[in-house]
Amino acid sequence: MDKKSKSIILGIATLLVLLCYSCTQSSVAHIYNSVSRDGWNRDSLLNYNIQIDSLSQECNIDIELTYNNNYPYSNLYLLVSVIDSVANIVSSDTLQLLLADEYGEWKGNGWGTTYQQREEYKRDFKFPSSGKYNITITQGMRGEPIKGIERVGVKVDKVEKER
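Definitions and cut-offs
- Residues numbered from 1 in each chain as written.
- Predicted model: local features only at pLDDT ≥ 70, side-chain atom pairs only at ≥ 80, totals over all residues.
- Heavy atoms only, no water.
- Helix = DSSP H or I, 4+ residues; strand = E, 2+ residues; numbered from the N terminus.
- Areas by Shrake-Rupley, 256 points an atom, 1.4 Å probe, with all protein chains shown as cover.
- Salt bridge = Lys/Arg side-chain N within 4 Å of Asp/Glu carboxyl O.
- Buried < 20%, exposed > 50% of the residue type's maximum accessible area, 1.4 Å probe, protein only.
- Contact = heavy atoms within 4.5 Å.
- pLDDT = per-residue confidence, 0-100.
- Pairing = 2+ DSSP bridges.
- Core = buried A, V, L, I, M, F, W, Y, C linked by side-chain atoms within 4.5 Å.
- Axes fitted to C-alpha atoms, helices over the stretch in contact; angles between N-to-C directions.

Visitor: Residues and numbers for the overall build of the chain, please.
Guide: Each helix and strand in the chain was counted, giving one helix and nine strands. Seen in sequence order, the chain has helices and strands lined up from the N terminus as α-β-β-β-β-β-β-β-β-β. As presented, the chain carries roughly 10200 Å² of accessible surface, and 49% of it is formed by carbon and sulfur atoms.

This is the structure we're talking about:
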C-alpha cells in the first residue's frame with residue numbers, strides 16, 4: 001500500500017472515531033419485564049425502578065417490546081408514567097406503537113414468530129431531581145387480555161453532547 005492510500009485510510013478512520021464520540025451514550029438502566037402467557041390485562045402494571053444521580057444530565061428513554069404472531073392488532077397503545085420517589089407524576093403519556101404496516105407485515109426485527117421493536121419515548125429528558133424514579137407501563141387496548149406481547153423493556157441512556 002502506498003503512502004497516499006495509508007493517509008486516506010488514516011483520515012477516514014480518524015473521521016469515524018470523531019463521529020462516534022461526538023454524541024456518546026452511557027446506560028443508566030436497561031430493564032425488561034415479562035408479560036403473562038395468559039395475556040396482558042389493563043390492571044397489570046409493569047414497574048421499572050431507576051436511579052438518577054445527576055440533575056444536569058439529559059437522558060433518552062426508549063420502550064422496547066418483544067411480541068409474537070399471536071398479537072391480534074397492528075398497533076399497541078401504552079400508558080407510560082414517570083414517577084418520582086414521593087409519588088409525584090413527572091410525566092404521563094399515551095403512546096401508540098405501530099407494530100405492523102398496512103399490509104399486516106410486522107415492523108419489528110426478528111425471526112420465526114417473535115419480533116423485537118424499540119420506540120423512542122423521551123429525547124433529551126431532564127429528570128427534575130436526583131434520586132429514585134419509577135417508570136410504569138400498562139397497555140391501553142380495548143380487548144382484554146391481549147395476547148402475543150412477551151416482554152416490555154425500558155432503556156434509559158445518559159446523553160453527552162459535544163460542546
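There is more to say after this.
Visitor: Describe the pattern of salt bridges, naming the residues involved and giving the relevant values.
Guide: For the structure shown, the criterion picks out five salt bridges. Put simply, Arg123 and Asp62 hold a salt bridge, and the shortest N to O gap is 2.6 Å. A residue pair is termed long-range when its members are at least 10 positions apart, and Arg123 in strand 7 (residues 114-126) and Asp62 in strand 3 (residues 58-68) qualify at 61 residues. The partner of Lys155 in a salt bridge is Asp157, with the nearest N and O atoms 3.7 Å apart. Exposure remark for Lys155: the relative accessible area of 17% places this residue in the buried category. Note on Asp157: relative accessible area 5%, which makes it buried. Each of Asp62, Glu120 and Arg123 takes part in one network of salt bridges that share partners.

Visitor: Before we move on, can you summarise the environment of Gly140 with the specific residues and values?
Guide: Mapped onto the secondary structure, Gly140 falls in the loop between strand 8 (131-139) and strand 9 (149-161). Counting along the chain gives 46 residues from Gly140 to Thr94, while the straight-line C-alpha distance between them is 8.2 Å. Apart from residues no more than four positions distant in its own chain, Gly140 is found in contact with Arg42, Tyr77 and Leu79.

Visitor: Describe the confidence of the model for the chain, listing the residues and the values that go with them.
Guide: Per-chain confidence: the chain averages 87 in pLDDT, with 83% of residues scoring 70 or above. For residues 13-24, every residue scores under 50 in pLDDT, and the model assigns this stretch eight contacts once sequence neighbours within four places are set aside.

Visitor: Explain the environment of Ser130 residue by residue, including any values.
Guide: In this fold, Ser130 is placed in the loop between strand 7 and strand 8. In this structure the C-alpha to C-alpha distance between Ser130 and Leu55, which are 75 residues apart in sequence, comes to 5.6 Å.

Visitor: So what's going on with the pairing of strand 7? Which residues, and what values?
Guide: As judged from the 10 bridges shared by strand 3 and strand 7, these two strands associate in the antiparallel manner. Bridging across to strand 7, Tyr67 finds its partner in Tyr115. Sheet topology note: the strand 6 (residues 109-111)/strand 7 ladder contains three bridges and is antiparallel. Bridging across to strand 7, Gly110 finds its partner in Tyr115. Where strand 6 hands over to strand 7, the hairpin turn is made up of two residues, of which Gly112 adopts a positive phi near 65 degrees.

Visitor: Kindly report on unusual backbone geometry, identifying the contributing residues and their values.
Guide: Positive phi is not limited to glycine here, since Ala87 has a value of about 70 degrees. You will see that Asp124, though not glycine, has its phi angle at about 50 degrees, which is positive. Residue placement: Asp124 occurs in strand 7.

Visitor: Outline the nonpolar core, supporting the account with residue identities and numerical values.
Guide: Residues Trp40, Leu76, Phe127, Ile135, Ile137, Ile149 and Val152 are the most contacted members of the largest nonpolar core, which totals 35 residues. Looking at this core, the elements that each hand over two or more residues are strand 2 (46-52), strand 3, strand 4 (75-84), strand 5 (89-98), strand 7, strand 8 and strand 9. A per-element tally of this core places strand 3 first, with five residues. When neighbours within four sequence positions are excluded, Ile149 is seen to be in contact with Val35, Trp40, Leu65, Thr66, Tyr67, Tyr71 and Leu76.

Visitor: Can you break down the sheet that holds strand 2 residue by residue, with the values?
Guide: Taken together, four strands build an open sheet; the order of strands is 2-8-4-5 and the sheet is antiparallel. With partners counted over all chains shown, the strands left at the sheet margins are strand 2 and strand 5, one partner each. The sheet shows a mean angle of 20 degrees between the axes of neighbouring strands, taken without regard to direction. Pairing of strand 2 with strand 8 involves seven bridges; the strand directions are antiparallel. Along strand 8, the bridge assignment pairs Tyr48 with Ile135.

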